[in-house]
Amino acid sequence: MTIQRLLAHAATTLLLCVLFTQTSFAQTKTITGKVTDDKGIPITGATVVAKGSKSGTSTGTDGSFHITVSTSATTLVVSSIGYGSQEIDISSSTEVAVHLTSSSANLNEVVVIGYGTARRADITGAVSSVKAKDFNAGATTPEQLMTGKVTGVQVAENSGAPGTAINVKIRGNNSISSTSNPLYVVDGVPLDATYPVAPDKLGVVGTVAPANGLLFLDPANIANITILKDASASAIYGARGENGVILIETNKGPGKTQIDAGFKLTTGAGLIKANDLMNASEYRKAIAQYSITTDSGASVDPFKAIQQNKLTGVYTVAINGGGENGRYRAVFSATDQNGYILKSGLERYNASFSADHSFLDKRLKIAFNLALANYRLQTAPTSAEAGSNGNMISMALQWNPTLNLYSPNGTFNQTNPSGQGNPLAMSSYYDSYAYVTQLFGNTSISAKITKNLSYTFLYGVNYAQSTLDEQTVGLLQAVGSNSNLGLAEVGTANLMSQTLTHTLTWDQNVNENFKLNVLAGYEYYSSTGLQDNESWGYGFTYNVLGGPQYNIPYYKAMQTMKQSNLSTNTDAPATSELQSYFGRVRVTAMDKYTLTAVVRDDGSNKLGANNKYGIFPSFGLGWDILKEDFMSRQNLFTYLSLRVGYGQTGGTDAIPYPGFQSSLVNLTGYGTVGVGPATATQNYGNPGLKWETLTSTDGGIDFGLLNNRLTGEIDVYSKSTTNPLFPGTLPVPSSGATVWQNLPGHIDNKGFEIGLTGMIVQNKDWHWSLQALVSYNKNKYIAPALGASPLFLTGQISGNGVSATYAEAIANNQPIDAFYLRTWTGYDQNGISTVKSQGSSYVGDPNPHYIVGVNTEVGYKKFTLAVNSHGAFGFDIYNNTLLTVTNLQELNNGKNAAKTVVGTGESMADPVSASTRYLEKGNFMKLGNMTLSYNLGSFATYVKGARVFVSANNLFEITKYHGFDAEVNTYASNGGSVPSLNVDYIGYPTFRTVTFGLTFSLN
Amino acid sequence: MKRYKLNGFHLLLVAALATMGCTKLKENEQNKLVIGNGGSANAGTQLIAAYNDLNTVMHGQDEIFSLQENTTDECLVPTRAGDWDDNGVWRVLHAHAWDATHGQVQQVFSNLGILESDATTVLALNPTAEQAAEATFLRSLAQYYFVNLFGQVPYRTIPNYNTINASPVMTPAEAIDTLVTNLTAIIPQLNQTLNYYVTANAARFLLMKVLLNKQAFLNPTKPAAQVAADMQQVYTLGQAITGYTLTTNYFDNFGPNNGGFGAPGTGGQSTENIFVYGNNGTATNPNGTGNGAIDDRWMMALHYNSYDQGGNYGSAGWNGFSTIADVYTAFDPTDTRKGNRPYPSANVHGVSPISGLNVGLDSGAQMNEAGVQEMDRRGNLLSFQGVVANTETDLHTLEGAGIRGIKYYPDYANYTGHASNQLAIFRYADVLLMMAEADLSGASGGAGDALSIVNGLHTTRGAAALSAISLVNTANLYDPTTMLEERQKELWWESWRREDMIRMGVFLSAWNLKTADVGTTYILFPIPVAQLVANPNLKQNPGY
């Protein structure tokens, strides 16, 4: 976006400001009070407004507020996102106590729905929201706040390493070529959640799994998360709504002077699930059994040797302020997070500032939100793409437990008879740091043009700049090529995206029976994509065997490298653009029937010239059954409503850059001939490329029973993705370039969701609530044109002896990434594996059929114990670690092996072969978090809302899966650009943490 | 209370807002490829790109080599415990049990397409007559392998060289016509003399192959009798290939000094390599192509401890590719092509004094440079044995089973850099054998001339003279008086065996570790499914 374009938009908006010059004078009085929920817990950030006036304030962390209102005001309206609103009579008092109902499905609850808000009762799509008070305690990323809290939403971490990307799937896998992650919208600005760091080029330790694109957001500063699950809700985001939308609202502060502060101390407490390797004595017994003589005499625990455990902390301080016309909040937090494995961790500093102020008799409001983050991600050599000898987890798993890790002279023992590298040397001689500075900000100007018409202008920017420093010190032996010569890389990357939105809203209660809300908008988004450049190479003169030793990392002295070994690379993908027009009409008749119609017209330069624009409509109908006459006599239900929706959304996320023809220019190696650089077409434009379109139908019932002691929601849906995008093979002969094309057939997801919340005990001293969520989804790709053979193999198997081996396939009438393997039938008389036939068949599904969340909270007076657990059922995992890292054949090669492979009748000559032998059931239930807190309340005049807590994360997991964690999604791909699912290869283990914390406010 | 009023100014504003929000979505010119228009691509660079395409598809142990050799009696890759399972891809090739998901089949299809496409692109970029002729040869080479391996030839016309539409497909008959026409036309236009460029002799050689395999391409399951006129033309073309002599020491054709970068006989040890991939010991070769992975050819066969000279040369063998004992034992004991002996120490690249390694079909005890027998990783004495299975199951022999082929042997002088063995794609000895085969199939020289050619070859190779020669003995694939067997002895592991067996009608027979095929499915490879989806002009081959 050019500055000129931005200025043109801004100038128009400024013109709006001069329209309003009215000021008002009135006599006033001050009302004070406190807002609590039905359990008496203070509600922070609730809005308090005098009825009929626009003046308002917000409550502080202790729930208290004070507001100056006109003497003529008789009623206060108190509301908060996630709670119902309530009217309080203030005609006779200046001090009030307000209790808001916190039922999760309260019909008066105000819910953020994208480009606006709506009452829960008026929502006709599948929309769930999680409020701050219901967030998972102990979350270190925004996604984890809602793990197990929302039906139909699966939150899976790629690995246990700090800062790793988290895959979120809403209602299954919609797409073949993208990971089906939803669109994130933070404070109204859609995000490109890319981890902005240059790629690794050293090749010794493999590509590091992508880190989380939301690291710039401090999870503790998030107020609310809303999930738009079906197309009737997400169609307002059109082309980016295919995988659902997650709306994140940050905390804007209570609107009065207050300091919020807190700190947390965390320590590791072991793995959630131990590995099943043999210790030294078990190893000795095993090698005796197989007549191997690899006992080196010592007893070591290599896996323990690679762990670290340091006390880490999170420190937060915020100042808040404000008054009748505005508020601000500035937060600073410092976070130190350690990984389980040596030299892995995340250090980050988050600062955010938000302010809004109303002018011109509240007819103009200007708001800013600014999040500034600096973080340092230290990565251990734990890439799944490293091969068995560049990954320190694999090296520790395989290290002979009778072999000392250190030589007698105190140096690392790097002469393992098996030829395998030393995991401690690997750790010690490898450094990788990514430094990222990110600015995410937006400003909005809202003007109330007439009583019913308002206008909002929003400009958002997401800018990130980063440096990657990486080295393998030349003292490292027996790991990869050239590692003993010393390797280093310096990389930089940046990312810039901008969003510009105009919306006009007409909101009118035409009469008692007819309410109208109309939205019209325009949005422009551009993203540069990740621009990166790297310099890397090998051959240093110091810190190598026999060379001088200096305490200077190679990446700080790149000029000392043998310069002919230095390579450089620059990537500058083209800017992608999205331009959209959208509208929404919501009509509510007789307070019972609501109709929502949405249309969005999106234009993207990723699409073919013939189909640049796509139109995405949706319709939704809501019916408040309880308001019907025939329900008037019942007293079982507190509320009961029905909604049905239909909609279409699009997806282009899989396409990494605009879809026109681009070329690769190769500038090296053609000197002799002297004819200049060679070019090859890297990507062909496909003018006929169509939008991948998701069509979904959803029906749902929301209900509250027995005075809302039991509330719930039931949803049934059916989705179908047509024109699936695929980085396809061009018809041969071709230059080998890819072309994005639409595959035949469609991807179907069908399912249902049941969410129930019960308040089992609720009395003066005790409360006990229980929430149970169950979601079922079935995924299938239907494309009879493909015939019986797989279109494409995914789920690449890694390790020695399994080159070009795949475990999964994309095929007709199978789920996405269906397991496609030979069926293992046992061993023959020689101990050699037998299979049903040499051909593979479809034998499993990595997509969970059921996801489950069970959450409970018990309170006694000022004590509260909250327990969150979640699980997934009906899916399979391929245990690639057992196949190629800890198998029996490795014992023969002088390495360690899993206990489970010893003494099974298998011969050591049995081929290491991918088959159903290593396909395991993935069913698991995980106790994700348990938190005991004590509410100290207010004391010593200034201290308000103090709370102390002890929290434990990843307590235990119930599963029959043999790997580190059944909640696995290691970064396995087909080696190309199509993702795969649930192939577990030396994943970073999930570990337990215990946190002690204290939060309080001062005012 | 102020009353809201909608006035003209408001309306103007709204109108302004509605119109300003329009932008034309960009297509960045900087990323557009401009070809043949003063842009950065020209026929010269594109021709280098096309030459470079030979690198992968001709060198790789899992490319054309694998499809042409592992599907025959000549080569197999036994699975050895933790090594070489690779999802069974090697086993199914030797046993004739592959399917449409076979990765090597898919990648060869794709890589041949890249070669064909890049060569066609040269023709679209206003090439000189010489460049056009070289590109036409490279395009023909790709088309030759398409018809050979897949029985269908997808192609693009020159004006349509860069489209994404479905490509038209030639039948075998159309492909043969096209190949004969194009190759005949370029022979007089080719003036290159260096053998890592396309020469007129290379074009003649490929045309001989087309004509010799014509009937097999037209009906691979049951080739019709050869046409006498075609055979006469094969013979005539062979006679026109001059300037080459048989190399005195057979393995000099494949050693690190087999090129020398001159015309044949002007520096390199090989005097019979007609067309090579020009590896020269550096990263970039004189013709602009990148260095090729010729070291694949010895690593694929050698044991982890085979040639490391006490660790000095790393542990780089992969211990895989083997041959069956029948192939080894069929050799006359004096036949130098069998090998299994030390390479002369007088040679600057002599391999045996450095590492103790023998060249040729290597059988028996493996010695190091000090004359001490090597060990396998389990501590057993290392000895390559003729008894081998598709899946090895005995811990004590699993690393030593299988006689290994070390035709290209390690370039110790360039061990840590780029090896300098040129890949011999076409050899003069094959010209002689094709002429002899033509004689037996209708050319005017007849059996007498065929026998004289073969015996001439035997004289150089140190093998006993034959008294008779015929094409094939279907009852004995190793009958020494047949062309099929003679070609195996001369051309083992040179990527010709599959088409020779098809032409001679024995590809579906039984041999060691393979029973006779049921049906005729495996006579051709399957078309990759993604290609069938992308291009409706392709039809899946029968049986897949």
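Per chain, residue numbering runs from 1 following the sequence as it is written. As they are written, the chains are lettered A onward and the ligands numbered 1 onward, keeping that order. Given that this is a predicted model, residues contribute local features only at a pLDDT of at least 70 and side-chain atom pairs are listed and counted only at 80 or more, while totals for whole chains, interfaces and linings are drawn from all residues. Each side-chain value is derived from all of the structure's non-hydrogen atoms; neither hydrogens nor water enter the calculation.

Focus: the overall build of chain B
Here comes step 1: Numbering of helices and strands starts at the N terminus; helices are DSSP runs of H or I of at least 4 residues and strands are runs of E of at least 2. A count of helical and extended segments in chain B gives 17 helices and eleven strands.
Here comes step 2: Classification of residues uses two cut-offs on accessible area relative to the type maximum, computed with a 1.4 Å probe and protein chains only: under 20% is buried, over 50% is exposed, and between them is partly exposed. Counting every position in chain B, which comprises 544 residues, the buried fraction comes to 63%.
Here comes step 3: Summarising the internal contacts of chain B: among those between residues at least 6 apart in sequence, 66% fall at separations of at least 24.
Here comes step 4: Accessible areas in this description were obtained via Shrake-Rupley with a 1.4 Å probe; residue shielding takes into account the shown protein chains only. When the accessible surface of chain B is split by element, carbon and sulfur atoms take 54% of a total near 18000 Å². In what follows, a contact means two residues having at least one pair of non-hydrogen atoms within 4.5 Å.

Section: the packing of aromatic side chains
Here comes step 1: Stacked, tilted and edge-to-face pairs are distinguished by plane angle, under 30 degrees for stacked and over 60 for edge-to-face with tilted covering the rest, among Phe, Tyr and Trp rings (Trp via its six-membered ring) whose centres lie within 6.5 Å. Going through the model one piece at a time under the given rule, you end up with 54 aromatic pairs over all chains.
Here comes step 2: With 5.0 Å between their ring centres and 55° between their planes, A:Tyr776 and A:Tyr850 make a pair best called tilted. Placement of A:Tyr776 in strand β39 (residues 766-782) and of A:Tyr850 in strand β46 (residues 850-860) is noted, with a sequence separation of 74 residues between them.
Here comes step 3: Where B:Tyr522 meets B:Tyr544, the ring centres are 6.1 Å apart and the plane angle is 80°; that geometry is what we call edge-to-face.

Concerning the packing of helix α5 (residues 103-124) of chain B against helix α6 (residues 129-150) of chain B
Residues and elements named next belong to chain B.
Here comes step 1: Put simply, α5 and α6 touch, their axes get as near as 8 Å, and they point 155° apart. Relative to α6, the element α5 is oriented roughly antiparallel. Judged by the twist between their axes, the crossing of α5 over α6 is left-handed. In contact with Val105, Val108, Phe109, Leu112, Gly113, Leu115, Glu116, Ala119, Thr120, Val122 and Leu123 of α5, α6 contributes Gln131, Ala132, Ala135, Thr136, Leu138, Arg139, Ala142, Gln143, Tyr145, Phe146, Leu149 and Phe150. Axis definition: a line fitted to C-alpha atoms, limited for helices to the stretch in contact. Angles are taken between N-to-C directions and run from 0 to 180 degrees. Roughly parallel refers to an angle under 35 degrees, roughly antiparallel to one over 145, roughly perpendicular to one between 65 and 115, and oblique to any angle outside these ranges. By definition, any crossing whose near helix is turned counterclockwise from its far helix by less than a right angle is left-handed, and any crossing with a clockwise turn is right-handed.

Some thoughts on the pairing of strand β7 (residues 95-100) of chain A
All names here are of chain A.
Here comes step 1: Of the two faces of β7, the one holding Val96, Val98 and Leu100 is buried and the one holding Glu95, Ala97 and His99 is not buried anywhere.
Here comes step 2: Two strands are counted as paired when DSSP detects at least two bridges linking them. Pairing analysis gives six bridges linking strand β1 (residues 28-37) to β7, with the strands arranged parallel. For Thr32, the partnering residue across the bridge sits in β7 and is Glu95.

As for the sheet that holds strand β6 (residues 358-362) of chain B
Residue and element names in this part refer to chain B.
Here comes step 1: Taken together, the three strands give an open sheet; going across it, the order is β5-β6-β10, and neighbouring strands pair in antiparallel fashion. Every interior strand has two partners, whereas the edge strands, β5 (339-342) and β10 (404-406), have only one. Across this sheet, the average inter-strand angle for adjacent strands is 30°, counted without regard to direction.
Here comes step 2: Bridge analysis of β5 against β6 gives three bridges, and the strand direction is antiparallel.

Regarding the environment of A:Val436
All names here are of chain A.
Here comes step 1: Along the chain, the position of Val436 falls in strand β22 (residues 430-448).
Here comes step 2: You can call Val436 buried: its relative accessible area is 0%.
Here comes step 3: Separated by 57 residues in sequence, Val436 and Ala493 have C-alpha atoms that sit 9.1 Å apart.
Here comes step 4: Once residues lying within four places of it in the same chain are set aside, the contact partners of Val436 are Pro196, Val197, Ala373, Asn374, Tyr375, Gln465 and Ser466.

Here's the deal with the side chain of A:Thr250
Residues and elements named next belong to chain A.
Here comes step 1: The residue Thr250 is located in strand β16 (residues 245-250) in this model.
Here comes step 2: We classify Thr250 as buried; its relative accessible area is 12%.
Here comes step 3: Among the polar contacts listed, one links the side chain of Thr250 to the side chain of Asp187, at a separation of 2.7 Å.
Here comes step 4: Those residues within four positions of Thr250 in sequence are excluded, and the remaining contacts are Val186, Asp187, Leu217, Asn221, Ile222, Ala223 and Asn369. Under this definition, polar contacts are N or O atom pairs within 3.5 Å; protein pairs additionally need one hydrogen-donor-capable and one acceptor-capable atom, and for neighbouring residues in sequence, both atoms have to be side-chain atoms.

Here's the deal with the packing of helix α8 (residues 200-218) of chain B against helix α13 (residues 428-440) of chain B
Residue and element names in this part refer to chain B.
Here comes step 1: Where α8 contacts α13, the two axes come as close as 11 Å, and the packing angle between them is 35°. Between α8 and α13 lies a crossing of left-handed hand. For the pair α8 and α13, contact is made by Phe205, Met208, Lys209 and Leu212 and by Asp430, Val431, Met434, Met435 and Glu437, respectively.
Here comes step 2: Gly is put with the polar residues, along with every residue not named as nonpolar or charged; the nonpolar set is Ala, Val, Leu, Ile, Met, Phe, Trp, Tyr, Cys and Pro, and the charged set is Asp, Glu, Lys and Arg. Split into classes, the residues belonging to the contact of α8 with α13 amount to six nonpolar, no polar and three charged.

Some details on a nonpolar patch on the surface
Residues and elements named next belong to chain A.
Here comes step 1: For patches, a residue must show more than 30% relative accessible area and have no salt bridge; joins then use 9 Å for like charges and 5 Å for nonpolar side chains, namely Val, Leu, Ile, Met, Phe, Trp and Tyr. The term salt bridge refers to a side-chain nitrogen of Lys or Arg lying within 4 Å of a carboxyl oxygen of Asp or Glu. Together, Ile259, Val317, Ile319, Tyr328, Phe332, Tyr349, Phe353, Leu370, Tyr942 and Leu1002 make up an exposed nonpolar region whose accessible area comes to about 870 Å².
Here comes step 2: Counting residues per element, the ones that place at least two in the nonpolar patch are β18 (312-322), β19 (326-338) and β20 (345-359).
Here comes step 3: Checked against the element boundaries, Tyr328 lands in strand β19.

What about the sheet that holds β7(A)?
Residues and elements named next belong to chain A.
Here comes step 1: Ordered by their spatial adjacency, three strands build an open sheet running β4-β1-β7, and the pairing between neighbours is mixed. Two strands bound the open sheet, and with one partner strand each, they are β4 (64-70) and β7. Taken pair by pair, the neighbouring strands of this sheet meet at an average axis angle of 35°, ignoring direction.

A look at unusual backbone geometry
All names here are of chain A.
Here comes step 1: In the segment running from Val732 into Pro733, the intervening peptide bond is cis, with an omega of 5°.
Here comes step 2: Tracing the chain through its elements places Pro733 in the loop between β36 (725-729) and β37 (738-742).
Here comes step 3: Positive phi values are uncommon outside glycine, yet Asp591 reaches one of about 60°.
Here comes step 4: For Asp591, the position within the fold is in the loop between β28 (576-589) and β29 (593-604).

Some thoughts on helix α7 (residues 172-186) of chain B
In an α-helix, one full turn covers 3.6 residues, which means residues spaced three or four apart are oriented alike.
Residue and element names in this part refer to chain B.
Here comes step 1: Take the residue count of a helix, subtract one, and multiply by 1.5 Å to get its expected span. Here α7 contains 15 residues, and its C-alpha end-to-end distance of 21 Å stays within 8% of the 21 Å for a straight helix at 1.5 Å per residue.
Here comes step 2: For α7, the full list of buried residues reads Pro172, Ala175, Ile176, Leu179, Leu183 and Ile186. Buried residues along α7 cover an arc of 115° about the axis, so they all sit on one side. What points out from α7, more than 90 degrees from its buried face, is the exposed set Asp177 and Thr181.
Here comes step 3: Close packing links the buried residues of α7 with α6, β2 (153-154), β3 (169-170) and α8. Each C-beta atom gives one direction from the helix axis, and the arc is the one those directions make.

Examining the side chain of A:Thr995
All names here are of chain A.
Here comes step 1: Tracing the backbone shows Thr995 in strand β53 (residues 991-1002).
Here comes step 2: Residue class for Thr995 comes out buried when judged on its relative accessible area of 10%.
Here comes step 3: Polar contacts involving the side chain of Thr995 include one to the side chain of Thr266, which spans 2.9 Å.
Here comes step 4: Once residues within four sequence positions are removed from consideration, Thr995 is found in contact with Lys264, Leu265, Thr266, Phe949, Val950 and Ser951.

Notes on the pattern of salt bridges
Here comes step 1: The full count for this structure, using the stated rule, is 53 salt bridges over all chains.
Here comes step 2: Its salt-bridge partner being A:Lys343, residue A:Asp431 comes within 3.0 Å of it at the nearest N-O pair. With A:Asp431 in strand β22 and A:Lys343 in the loop between β19 and β20, this residue pair connects regions lying 88 residues apart in the sequence.
Here comes step 3: Here B:Arg461 and B:Glu490 are joined by a salt bridge, their closest N and O atoms 2.8 Å apart. Here B:Arg461 is found in helix α14 (residues 446-461), whereas its partner B:Glu490 is found in helix α15 (residues 483-491), with 29 residues between them in sequence.
Here comes step 4: For B:Arg461, a relative accessible area of 0% corresponds to the buried category.
Here comes step 5: Several salt bridges converge on common partners, so that one network encompasses B:Glu272, B:Asp335, B:Arg337, B:Lys407, B:Arg427, B:Arg461, B:Glu486, B:Glu490 and B:Glu494.

Focus on the confidence of the model for chain A
Residues and elements named next belong to chain A.
Here comes step 1: Residues of chain A with pLDDT of at least 70 account for 92%, and the chain-wide mean is 87.
Here comes step 2: pLDDT is defined as a per-residue confidence score from the predictor, taking values between 0 and 100. Predicted confidence is poor over residues 14-26, with pLDDT under 50, and the contacts of this stretch with residues over four places away or in other chains come to 17 contacts.
Here comes step 3: For the stretch residues 666-678, pLDDT sits under 50, and the model shows 26 contacts to residues farther than four places along the chain or on other chains.

Here's the deal with α15(B)
All names here are of chain B.
Here comes step 1: Of all nine residues making up α15, nine are buried, and the element is well covered by its neighbours.
Here comes step 2: Buried within α15 are the following residues: Met483, Leu484, Glu485, Glu486, Arg487, Gln488, Lys489, Glu490 and Leu491.
Here comes step 3: Positive backbone phi, at 60°, marks Trp493, one or two positions downstream of α15.

A short note on the pairing of strand β34 (residues 692-705) of chain A
Residues and elements named next belong to chain A.
Here comes step 1: Counting buried residues along β34, eleven of its 14 residues qualify, which places the element largely inside the surrounding structure.
Here comes step 2: Of the pairings in the sheet, the one linking strand β31 (residues 637-651) to β34 comprises 14 bridges and is antiparallel in character. Looking across to β34, one finds that Leu642 is bridged to Ile701.
Here comes step 3: Sheet topology note: the β34/strand β35 (residues 710-722) ladder contains 13 bridges and is antiparallel. Opposite Phe703, over in β35, you have Gly712 as the bridge partner.

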